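Structural description and commentary
Take a look at the letters that make up each chain.
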Amino acid sequence: MLADPIHFFGIHEERRYETLDVATLMRYGRGAPAIAPPQYHDVDIGEAQPVKCLVNGLWLCRSGELRYAVLLAFHRDYNRESGMRIELVVPAGMAGNAFVQRIFAELEMAVDAARSYRGKILSLDGDADYSGRSRGVTVHRLPTVDRDAVILPEKTLRLLERNVLDFVGSRELLRKLGQSTRKGILLYGPPGTGKTHTIRYLATNLPGHTTLIITAEQVGLLGAYMSLARLLQPTMVVIEDVDLIARDRDEMDSPCEESLLNKLLNEMDGLKEDCDILFVLTTNRPEELEGALAGRPGRIDQAIEVPLPDEAGRSKLVRLYGKGLPLAQPIVDEAVRRTAGVSAAFIKELMRRLAQASIVRDGGQDVTADDIDGAVNEMLFDGGRLNAKLLGGAQGMSAG
């Protein structure tokens, strides 16, 4: 883009709270920016090493007979994450105007083709004052979740894979047949059943997809998230606990809540039919969702229940979370029997307590039925219903 640069300069910024621009470079005397060695800062893009990015720079360039200058600097806004600012200085006239348009078009194409954040799992750091501004991008390094580690009924898992993995693999043919390539999935079920774990399975097994994770308190950043989703597609946009922002309008307490809901609906409706964006929404309370979201194909195309684990699922969970414990088959069977009606999160905590009890008794050499009795009673009954609810065992209060 910068053809035949003649000179390059780093610039010392005395006042880091101000935005460096071409007008600032024209200052004389005290407070004028000074030429300095270039400075760099590290940016985490989820790789083994961060990327070194230039803080600021001034290029004096020539393209044929046209001489121009390019200034790269941070655009600073008080208490906000800095953005990048690029200014071009060209001669007045049609030639200069045409050159500026070409340079910015090339820059836009370069940003569109950039690979730094593609195929990764991202979230935006929101402001504590809920102003709807981002303070930066966080890259999440999540280990790959294998299919065997997703403890769901086989029927549920196949439904999930048909509507996500198989759908993504069919997008090109769908597009050729004139069908929409956008899709919305709703994962619902009691707390602790594995909805977040299921999303990790999808995020780490969708080839070439960028995953954007939006928590309910970040919905004010939805516009920024959707700009990223369009730029980095194919993308999976995850909105956790969507009922907190998309509950029935009749239950809303303020216009602000309805405004957030409308923003979500408008973003979902505004996507082109051929975009490669997949929405995955999660909720513990599907009955509270606004009908305009949950009851209209094109926004939500498939609802998938993530249920409490059945007997086969509990057996797999006991072995998964207790893989380091000396668990004889009768102990596994007893743990499965005593955990009817509880969540996967409950079983994970139960295995930790069995390990603790075994360590206290004989250094972790054995797990007994008494260990299970003590842990289950402590989790389900001794702490009362609130404790059982907190641990994901409210449905299993009658287990005995």
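Attention here is on the structure that accompanies the text. (Residues numbered from 1 in each chain as written. Predicted model: local features only at pLDDT ≥ 70, side-chain atom pairs only at ≥ 80, totals over all residues. Heavy atoms only, no water.)

Here we look at helix H3 (residues 154–169)
Worth spelling out the cut-off: Bend is the name given here to the angle between axes fitted to two runs of seven residues, the run ending at a residue and the run starting at it. Helical segments are the DSSP runs of H or I of at least four residues, strand segments are the runs of E of at least two, and each set is numbered from the N terminus. Burial classes: relative accessible area under 20% of the type maximum marks a residue as buried, over 50% as exposed, and values in between as partly exposed (1.4 Å probe, protein chains only). Two residues qualify as a contact provided that any one of their heavy atoms is within 4.5 Å of a heavy atom in the partner residue.
In the structure, H3 departs most strongly from a straight axis at Glu 161, where the bend amounts to approximately 40°. Along H3, the residues classified as buried are Thr 156, Leu 157, Leu 160, Glu 161, Asn 163, Val 164, Phe 167 and Val 168. In this structure, the buried residues of H3 make contact with helix H4 (171–176), strand S10 (183–188), helix H5 (195–203), strand S13 (277–283) and strand S14 (302–305).

Some points on the pairing of strand S6 (residues 66–75)
Here is the rule: At least two DSSP bridges between two strands are required for those strands to pair.
In terms of burial, S6 is a largely internal element, eight of the 10 residues being buried. Alignment of strand S5 (residues 57–63) against S6, held across seven bridges, turns out to be antiparallel. Its bridge partner being in S6, Ser 63 is matched across the sheet by Leu 66. Between the antiparallel neighbours S5 and S6 lie two residues, among them Gly 64 with a positive phi of about 65°. Judged from the seven bridges that link them, S6 and strand S7 (residues 83–89) form a sheet pairing that is antiparallel. Each bridged residue has a counterpart across the sheet, and for Leu 72 the counterpart in S7 is Ile 86.

Some points on the packing of helix H9 (residues 311–321) against helix H11 (residues 344–362)
What counts here: Angles here are taken between N-to-C directions and fall from 0 to 180 degrees, while the axes themselves are lines fitted to C-alpha atoms, restricted in helices to the stretch in contact. Roughly parallel means an angle under 35 degrees; roughly antiparallel, over 145; roughly perpendicular, 65 to 115; everything else is oblique. With the far helix as reference, a near helix turned anticlockwise by less than a right angle produces a left-handed crossing, and one turned clockwise produces a right-handed crossing. Classes in brief: Ala, Val, Leu, Ile, Met, Phe, Trp, Tyr, Cys and Pro nonpolar; Asp, Glu, Lys and Arg charged; the others, Gly included, polar.
Between H9 and H11, the least distance of the axes is 9 Å, while the angle of their chain directions is 40°. One way to sum up the angle between H9 and H11 is to call them oblique. The two elements H9 and H11 meet at a crossing, and its hand is right-handed. On H11, the residues touching Arg 314, Leu 317, Val 318 and Tyr 321 of H9 are Ala 344, Ile 347, Lys 348 and Met 351. Partitioned by chemical class, the residues of the contact of H9 with H11 number six nonpolar, no polar and two charged.

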